[in-house]
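Topology and contacts: notes
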Amino acid sequence: LFILTQVMSTPKPDLAVVDAGHKAAPTDSGFPQPWQRPGLRYAGASDEHGNIRIEGGTPPKLGEKLRLVPGHCDPTIDRYDWFVGVRNGRVECLWPIAGRGAMT
């Protein structure tokens, strides 16, 4: 399970801001973390934005899309309308999430 997010700002050499905050991913079981990006760590969130600390590796570029692995899948799924099934970089299917908003 991934959350697709985009780098919205790179205000400092060790910080990138993404468009996935608390409303995109719950933090009750830990912050979501960038997938297959060593040296990047999701380190905090506001409602709409998340902070990615750059502690090594290749810094993300402005506009770059990252995959985040949520810390807790159940309340993450509840926040979205669709599962988007991707295989080999192509969207293969869309599955509606019947329980959308059930946690509110």
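What this report covers is the structure whose coordinates are included nearby. Everything numeric in this text was worked out from a predicted model, so none of it was measured.

Considerations on the sheet that holds strand β1 (residues 3-12)
Taken in spatial order, the six strands line up as β3-β6-β1-β2-β5-β4 in an open sheet, and their pairing is antiparallel. With one partner strand each, in any of the chains shown, β3 (33-34) and β4 (40-45) form the two edges of the open sheet. Alignment of β4 against strand β5 (residues 50-54), held across five bridges, turns out to be antiparallel. Each residue of the ladder has a partner; that of Tyr42, found in β5, is Ile52.

Some points on the pattern of salt bridges
In this structure the tally under the stated criterion is five salt bridges. Across the pair Glu55 and Arg41 runs a salt bridge whose closest N-O atoms are separated by 2.7 Å. In this pair, Glu55 sits in the loop between β5 and β6 (65-69) while Arg41 sits in strand β4, placing the two residues 14 residues apart along the sequence. Overall, Arg41 belongs to the partly exposed group, its relative accessible area being 36%.

Conventions adopted
- Residues numbered from 1 in each chain as written.
- Predicted model: local features only at pLDDT ≥ 70, side-chain atom pairs only at ≥ 80, totals over all residues.
- Heavy atoms only, no water.
- Pairing = 2+ DSSP bridges.
- Helix = DSSP H or I, 4+ residues; strand = E, 2+ residues; numbered from the N terminus.
- Salt bridge = Lys/Arg side-chain N within 4 Å of Asp/Glu carboxyl O.
- Buried < 20%, exposed > 50% of the residue type's maximum accessible area, 1.4 Å probe, protein only.

The values are spatial; any link to function lies outside them.
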